Amino acid sequence: MTKAEFIDQLKNMTAGLSGEEADKFIEYYSELIEDAMEEGMTEQEAVASLGTMEDIADYIKENNNAVNTQSFPAVTQYAPKPQPRKKLPVWAIVLIIIGFPIWFSLLCAAFSVYISVWAVILSLFASALAMGVGGIGMAVAAFFTGDFGMLMVVLGAGLLLIGIGILLAVGTVVLTKLYAKLTAIIVKAIGRQFKGA
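Residues numbered from 1 in each chain as written. Predicted model: local features only at pLDDT ≥ 70, side-chain atom pairs only at ≥ 80, totals over all residues. Heavy atoms only, no water.

What follows concerns the pattern of salt bridges. This model, assessed by the stated rule, comprises two salt bridges. When the shortest N-O distance is used, the salt bridge between E20 and K24 registers 3.7 Å. Here K24 and E20 lie together in helix α2 (residues 19-38), a separation of four residues that amounts to about one turn. Note on K24: relative accessible area 37%, which makes it partly exposed. (Salt bridge = Lys/Arg side-chain N within 4 Å of Asp/Glu carboxyl O. Helix = DSSP H or I, 4+ residues; strand = E, 2+ residues; numbered from the N terminus. Buried < 20%, exposed > 50% of the residue type's maximum accessible area, 1.4 Å probe, protein only.)

Turning next to the packing of aromatic side chains. Enumeration over the complete set of coordinates arrives at nine aromatic pairs. Judged by centre distance (5.0 Å) and plane angle (70 degrees), the rings of W118 and Y179 are edge-to-face. Of the two residues, W118 is situated in helix α6 (residues 100-142) and Y179 in helix α7 (residues 148-196); the sequence distance between them amounts to 61 residues. Connected via pairs of aromatic rings, a cluster forms that spans F111, Y114, W118 and Y179. (Phe/Tyr/Trp six-rings, centres within 6.5 Å; stacked < 30°, edge-to-face > 60°.)

With that settled, the discussion passes to the nonpolar core. F6, L10, Y29, L50 and I56 are the most contacted members of the largest nonpolar core, which has 20 residues in total. Where this core is concerned, the elements lending two or more residues are α1 (3-13), α2, α3 (43-48) and α4 (53-62). Core analysis: the second largest hydrophobic core is formed by five residues, A139, A142, L151 and V154 among them. (Core = buried A, V, L, I, M, F, W, Y, C linked by side-chain atoms within 4.5 Å.)

Nonpolar side chains collect at one region of the surface, where L88, I93, I96, I97, F100, W103, F104 and L107 lie side by side and expose about 770 Å² of accessible area between them. For the nonpolar patch, the element with the most residues is α6, which contributes four residues. Within the secondary structure, I93 is located in helix α5 (residues 90-98). Overall, I93 belongs to the partly exposed group, its relative accessible area being 39%. (Patch = residues over 30% accessible without salt bridge, like charges linked within 9 Å, V, L, I, M, F, W, Y side chains within 5 Å. Areas by Shrake-Rupley, 256 points an atom, 1.4 Å probe, with all protein chains shown as cover.)

Attention now moves to the packing of α1 against α2. Remark: α1 packs on α2, axes separated minimally by 10 Å, with the N-to-C direction vectors making an angle of 160 degrees. One finds that α1 runs roughly antiparallel with respect to α2. Pair α1 / α2 crosses with right-handed handedness. Mapping the contact onto sequence places K3, F6, I7, L10 and K11 in α1 and F25, I26, Y29, S30, I33 and E34 in α2. Of the residues belonging to the contact of α1 with α2, the class tally is seven nonpolar, one polar and three charged. (Axes fitted to C-alpha atoms, helices over the stretch in contact; angles between N-to-C directions. Parallel < 35°, antiparallel > 145°, perpendicular 65-115°, else oblique. Left-handed = near helix turned anticlockwise from the far one by under 90°. Contact = heavy atoms within 4.5 Å. Nonpolar A, V, L, I, M, F, W, Y, C, P; charged D, E, K, R; others polar.)

What follows is about the confidence of the model for the protein. When pLDDT drops low, the exact placement of atoms in the prediction is not to be read closely. When pLDDT is averaged along the protein, the result is 82, and 86% of the positions lie at 70 or above. The weakest mean pLDDT in the protein belongs to α4 at 75; the strongest belongs to α6 at 92. In this model residues 66-79 is a low-confidence stretch, pLDDT under 50, and it forms 31 contacts with partners more than four residues away in sequence or in other chains. (pLDDT = per-residue confidence, 0-100.)

Here you go:
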């Protein structure tokens, strides 16, 4: 039985109760299912760990006036089943050892590419900063040229550099956020692989 199916049945059982009491039952059992799933159970295992619907219905009938989460029946308590560690077969271990020069080289190359992208992002930040500072310097220097035509040209160039620097900085911030999200996804995927191994 899925969590949604269980909650539907629980709502039917608590239909005769006041809204507050029914909500307490539903919230309590929903949290138990979520906790069990966080401990590694499947949705169906988490629901099954609560006991039979008859046991839960009997308890609700007996305690429909005072809902106290400390006195819920023992059937609602669960003990997560320890997940057996998967052992690699001998042939897989042999392949990992023999293939070490290849997979380790590929891993190093992938890590180098990853670091290189961060280096490019850092250099884009530095370029944006340099353009902004250079543009500000040009804009200030324009007022010391002494010629109105030259003032307009240098001031325009300075403002253009400032604008390009700002656009580059904004684009680099967006790129940094995207790359950080990609990094988080990769780290989570690697973590799940190690957890399952």
